[in-house]
Amino acid sequence: MTEPAHTLYLAAPRGFCAGVDRAIDVVDLALQVYGKPIYVRHEIVHNRHVVQDLRDKGAIFVDELDAVPAGAVVIFSAHGVSPAVRQEARERGLRSLDATCPLVTKVHLEALKYAREGYTIVLVGHRNHVEVQGTMGEAPDAIVLVETVADVERLEVPDPERVAFITQTTLSVDDVRAIVAALHLRFPSIREPAKDDICYATTNRQSAVKELARRCGVILVVGAPASSNANRLVEVARQQGARAYLIESAEDIDESWLQEDVGITAGASTPEEVVQQCVKRVGALGRHRVEEFRLTEERVMFPLPGELLAAAKREGVAVGAGNERAAARAQQAAYRIRHH
């Protein structure tokens, strides 16, 4: 038997994070408790495989609340929404469930705190991302957005002594570090979050990609074009000198990419089964030995919304106080490798 000519390095951690697990399980459980259809404002997470699976089960995804019938159940996505959206849901008599990632909620609460204390809040993020839109809605008169170091250099604020910053949770760690350094130069007394706003999953996946880039010249990032964290993984890989490609599925893999050692990782909203399909495809197209490396263990798990758990209990739908659904899925599928 011919020995594999190259190695396929499979990064871990990769794929689903705790916030994505929670958001998907909110929709799944709501469908069981309330029946279909369940409405979801925007994509629950940025991944077409996840969205289509939930759509097949009876979820209807809408851009705005005016597409939701009065009295229906609507779920807010993992990326968060502004207070104006919550108010609109109340005024229209909608039954709303919040699938916002708790780490995004943390940023919203920071914005509110700084706004109440009279600070100008600098939000580091991408202008058109739904997470940023939701965060800015918490204090629109107090928040200014910066995307680059150049934006910081042009920034004018009413009182340079009363400035604070917060960040989008899915940014490049290295890019944010440069922007934050520029903010400290401009505003030496600037206040910052007690704990980094970039989420643990984003940081861990970017660290794993840097390790991938030391091992191989080609990196495949499995994720959606609309996914901020997946796009950042591509950028980080390229900054480390690798040739990186963003793919949504195994069918996107070009055989010409596979003439050397290859690395695979996945954005935080990518299902593991899609990753494994890509692993299988690489194995079918080239001669690669699969090797996994793990930089750290992720044991974060967020509980489901209390009102949904209470409704499930009333309806006799079995679920515990924590997100056992995510735990069970992780136990069954986490980082399973098929060797070739």
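Structural notes, computed from the coordinates. Source: prediction; values computed, not measured.

Observations regarding the overall build of the protein chain
At step 1: Each helix and strand counted, the protein chain has 12 helices and 12 strands in total.
At step 2: Seen through its principal axes, the protein chain has C-alpha atoms that stretch 70 × 55 × 30 Å.
At step 3: Every one of the 340 residues in the protein chain was classed for burial, and the buried ones make up 53%.
At step 4: Taking the contacts inside the protein chain whose residues are at least 6 apart along the sequence as the reference set, 75% of them involve residues at least 24 apart.
At step 5: Surface accessibility of the protein chain: about 15200 Å² in total, with carbon and sulfur atoms responsible for 49%.
At step 6: Side-chain charges of the protein chain comprise 40 positive and 47 negative groups, with the mean position of each set lying 4 Å from the other.

Considering the state of the cysteines
At step 1: Here the structure, examined in full by the defined rule, presents 0 disulfides.
At step 2: Note on C17: no disulfide assigned, nearest cysteine sulfur contributed by C199 at a separation of 5.8 Å.
At step 3: Owing to a relative accessible area of 11%, C17 belongs among the buried residues under this scheme.
At step 4: Free of any disulfide, C216 has its nearest cysteine sulfur in C278, 15 Å distant.

Side note on the pairing of strand 11 (residues 262–266)
At step 1: Of all 5 residues in strand 11, 5 are buried, a share of seventy percent or more.
At step 2: Going residue by residue along strand 11, you find V262, I264 and A266 tucked away on one face and G263 and T265 tucked away on the opposite face as well.
At step 3: Sheet topology note: the strand 1 (residues 6–12)/strand 11 ladder contains 3 bridges and is parallel. Paired with Y9 across the strands is G263, a residue of strand 11.
At step 4: Note: strand 9 (residues 218–222) against strand 11, 5 bridges, orientation parallel. Looking at the pairing, V222 lines up with A266 of strand 11.

The rules behind the values
Residues numbered from 1 in each chain as written. Predicted model: local features only at pLDDT ≥ 70, side-chain atom pairs only at ≥ 80, totals over all residues. Heavy atoms only, no water. Helix = DSSP H or I, 4+ residues; strand = E, 2+ residues; numbered from the N terminus. Buried < 20%, exposed > 50% of the residue type's maximum accessible area, 1.4 Å probe, protein only. Contact = heavy atoms within 4.5 Å. Areas by Shrake-Rupley, 256 points an atom, 1.4 Å probe, with all protein chains shown as cover. Lys, Arg positive; Asp, Glu negative; His and termini not counted. Charge placed at Lys NZ, Arg CZ, Asp CG, Glu CD. Disulfide = S-S within 2.5 Å. Pairing = 2+ DSSP bridges.

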